[in-house]
Amino acid sequence: MADQTARRIAPAKGKLGVLCVGLGAVATTFIAGVENVRRGAAKPIGSLTQMGTIRLGKRTESRAPLIREFVPLAELKDLVFGAWDPVPDDAYTAARHAGVLDRHEHLEPIAEFLKGIKPMPAVFDQYYVKRLEGKNVKTGKTKRELAEALRKDIRDFKAKHGCDRLVMVWCASTEIFISPGPAHWTLEAFEKAMDAGDPTVAPSMLYAYAALQEGVPFANGAPNLTCDFPAMEALAKSKGVPIGGKDFKTGQTMVKTVLAPMFKARMLGVAGWYSTNILGNRDGEVLDDPESFKTKEESKLGVLEYILQPKLYPELYGEIYHKVRINYYPPRGDNKEGWDNIDIFGWLGYPMQIKVDFLCRDSILAAPLVLDLALFFDLAQRAGLSGIQEWLSFYFKSPQVAPGLYPEHDLFIQQTKLKNTLRYLMGEEQITHLGIEYYQDA
Ligand SMILES: NC(=O)c1ccc[n+]([C@@H]2O[C@H](COP(=O)([O-])OP(=O)(O)OC[C@H]3O[C@@H](n4cnc5c(N)ncnc54)[C@H](O)[C@@H]3O)[C@@H](O)[C@H]2O)c1
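Values in this document were obtained by computation on a predicted structure and should not be read as measured data.

**Regarding the overall build of the chain**
Each helix and strand in the chain was counted, giving 16 helices and 10 strands. Since a compact globule built from 442 residues should have a radius of gyration of about 22 Å, the 22 Å found for the chain is in line with a globular shape. Overall, the C-alpha framework of the chain stretches about 70 × 50 × 50 Å when taken along its three principal axes. Each of the 442 residues in the chain was classed as buried or not, and the buried ones make up 55%. Residue pairs at least 24 apart in sequence account for 75% of intrachain contacts in the chain once pairs closer than 6 positions are excluded.

**Details of the pattern of salt bridges**
Going through the model one piece at a time under the given rule, you end up with 25 salt bridges. E148 is paired through a salt bridge with R151; the nearest N and O atoms lie 3.6 Å apart. On the criterion of helical spacing, the pair formed by E148 and R151 is a turn pair, its members being three residues apart in helix α7 (residues 143–160). Of the residues examined, R151 reaches a relative accessible area of 16% and is grouped as buried. The residue R332 makes a salt bridge to E337 at a minimum N-O spacing of 2.6 Å. If you follow the salt bridges from partner to partner, you end up with K13, D164, R165, D378 and R382 in one network.

**What to know about the sheet that holds strand β1 (residues 15–21)**
Read across the sheet, six strands follow the order β2-β1-β3-β4-β5-β10 without closing on themselves; strand pairing throughout is parallel. Sheet topology places β2 (79–84) and β10 (387–388) at the edges, where each strand pairs with a single neighbour. Across seven bridges, β1 lies against strand β3 (residues 163–170) in parallel orientation. Paired with V18 across the two strands is V167, which belongs to β3.

**A look at the pairing of β3**
With seven of eight residues buried, β3 lies mostly within the body of the structure. Here β3 pairs with strand β4 (residues 218–220) via three bridges, running parallel. Bridging from a neighbouring strand, V169 pairs with A219 of β4.

**Description of a nonpolar patch on the surface**
Together, W347, L348 and Y350 line one region of the surface with nonpolar side chains, adding up to about 500 Å² of accessible area. As for its placement among the helices and strands, Y350 is situated in the loop between β8 (337–345) and β9 (351–359). By relative accessible area, which is 56% here, Y350 ends up exposed.

**Comments concerning the site of the ligand**
Residues in close proximity to the ligand total 32 residues, the closest being V26, D85, V123, A172 and R282. Separating an oxygen atom of the ligand from a backbone N or O atom of A172 is a distance of 2.7 Å. Between the ligand and S173 there is a distance of 3.4 Å, counted from an oxygen atom to a backbone nitrogen or oxygen. Summarising the interface, the protein chains cover 98% of the accessible area of the ligand, which totals 840 Å² for the free molecule. Contributing elements (two or more residues each) for the shell around the ligand: α1 (25–38), α9 (203–213), α12 (282–287) and α15 (362–382). Each residue belonging to the shell around the ligand can be placed in one class, and the counts come to 18 nonpolar, seven polar and seven charged.

**Re the side chain of D247**
Relative to the assigned elements, D247 resides in the loop between β5 (242–244) and α11 (252–265). Setting aside residues no more than four positions away along its own chain, D247 makes contact with N220, G221, A222, P223, K296, S299, Y395, F396, K397 and S398.

**Brief notes about the packing of aromatic side chains**
Under the defined criterion, the tally for this structure stands at 12 aromatic pairs. Between the aromatic rings of F394 and Y395, the centroid separation amounts to 5.0 Å while the plane-to-plane angle is 75°, which identifies the pairing as edge-to-face. The exposure class of F394 is buried, given its relative accessible area of 16%. In this structure an aromatic cluster arises from ring pairing among F376, W391, F394 and Y395. Over the face of the ring belonging to Y92 we find K115, whose NZ or CZ atom lies 4.7 Å from the ring centre. Positioned over the ring face of F177 is K294, at 4.5 Å from the centre of the ring.

**Focus: α1**
For α1, built from 14 residues, the straight-helix expectation of 20 Å at 1.5 Å per residue is met to within 8% by its first-to-last C-alpha distance of 20 Å. Within α1, 12 of the 14 residues are buried, leaving the element largely enclosed by the surrounding structure. Taken together, the buried positions of α1 are A25, V26, A27, T28, T29, F30, I31, A32, V34, E35, N36 and V37. Two residues or fewer past α1, G40 is found with a positive phi of approximately 80°.

**Description of empty space enclosed by the protein**
Over the atoms rolls a probe the size of a water molecule, and its path tells where empty space is left. Tallying each qualifying case throughout the model produces one cavity of 30 Å³ or more. The volume enclosed by the largest cavity comes to roughly 30 Å³. As for the largest cavity, its lining consists of Q252, K336, G338, D340, F358 and C360. Of the residues in the lining of the largest cavity, the class split is two nonpolar, two polar and two charged.

Calculation rules
- Residues numbered from 1 in each chain as written.
- Predicted model: local features only at pLDDT ≥ 70, side-chain atom pairs only at ≥ 80, totals over all residues.
- Heavy atoms only, no water.
- Helix = DSSP H or I, 4+ residues; strand = E, 2+ residues; numbered from the N terminus.
- Rg over C-alpha atoms; globule rule 2.2 N^0.38 Å.
- Buried < 20%, exposed > 50% of the residue type's maximum accessible area, 1.4 Å probe, protein only.
- Contact = heavy atoms within 4.5 Å.
- Salt bridge = Lys/Arg side-chain N within 4 Å of Asp/Glu carboxyl O.
- Pairing = 2+ DSSP bridges.
- Patch = residues over 30% accessible without salt bridge, like charges linked within 9 Å, V, L, I, M, F, W, Y side chains within 5 Å.
- Areas by Shrake-Rupley, 256 points an atom, 1.4 Å probe, with all protein chains shown as cover.
- Near = heavy atom within 4 Å.
- Polar contact = N/O pair within 3.5 Å; in protein donor to acceptor, adjacent residues only side chain to side chain.
- Nonpolar A, V, L, I, M, F, W, Y, C, P; charged D, E, K, R; others polar.
- Phe/Tyr/Trp six-rings, centres within 6.5 Å; stacked < 30°, edge-to-face > 60°.
- Lys NZ or Arg CZ within 6 Å of the ring centre and 35° of its normal.
- Expected span 1.5 Å × (residues − 1).
- 1 Å grid on protein atoms, 1.4 Å probe; cavity = no way out; pocket = protein on both sides within 12 Å on 5 of 7 lines; lining within 4 Å.
- Points joined across faces, edges and corners; volume = space filled by probe spheres on them.

Here you go:
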């Protein structure tokens, strides 16, 4: 039974506009996927909000409603889509170019719908994404002016489509690596840096800034710094808007954050972990540039350090050699192959190996995450949660956390955190998995 008071959550009435920054493989697979699901032509597999259930109360109670029936989420029929991209292709052309979804089964039947989604001119600068060229680009005298133009786009989109609420998800390319610096400490410094054309203010930050100023939740699906710094966190708090990131946790890293906790749970040592990928989509091409790759590398490398805690377990993980490679290989398109060779050791130090060869489809794994993030960020906003949404770290490779906290990377700890947050929001008891109450009479 519920033992606490449910939080007040505004109802999900009216339309929810989902603004994607970037209309590439992930965004078009997401948008076309939702439309196919809405028309009954496919199932939303991989989406926790659409297919997942949540256990409530004791195991003996057999209460496990669908998440979307337990918490008041926006319904798929109420979603409308918008996007920005420096490439002017509409969603149909972009989806054809991405080559993820079957043309005859999933694109032609919804061609008119997709053609109606045309990207707004982007805030784009090749300095931040070396391998792309953009023609559909905004011009402005200062970065602040560009951010203001994005704010106008947001307002215009909302009015044009009669949206009740909006969310923004960064589905655009990975920018070059930027360390947080003086421009990022306070909002005042950040705004001055926008005026001064400071190179540490990247386009993704302008989208995040515009979203927050307009009261729109912002989720970052790439590893860029974007909204992971104090100025943006303060802005999110002051505007009462949820933010989160970074980098969708989809393929190899998802597997890593399941296997690594297993080794640690059993006190098995890890000598080395070599992860390599081949992929041939535009994302792979962008990541072929060393500066964009560095941003991704940092994001992919971080997880083992936090999960294995080498400082606590120096004999098991103190000497681990961790390497991550991404190789651009055009013939594979979006069908990435991620290999992992893991050298582990057990009792008395005897070595063993595990090989994982994940033949995945990058955007097929990412699309349901975009949907879940859009719906959960909208829920968070309506529930009055603002600032960093750590409970959604389930979806990210480098989860944003409060200063001084280390991120939880273990997929199942993240899942427990997510579901317990939903229980908390709805006034249901937390599930601790203690279970002793089942045995008290024994
Ligand atoms: N697919 C996955 O499994 C996965 C997992 C984690 C992260 N990601 C990240 O998601 C992002 C999208 O991946 P994708 O496969 O769709 O890539 P993509 O190259 O197909 O699409 C990215 C799009 O963003 C556009 N873009 C670049 N800079 C922009 C800007 N400043 N404003 C607006 N649009 C801009 C590009 O023109 C392109 O159309 C990438 O950063 C990728 O690293 C993907």
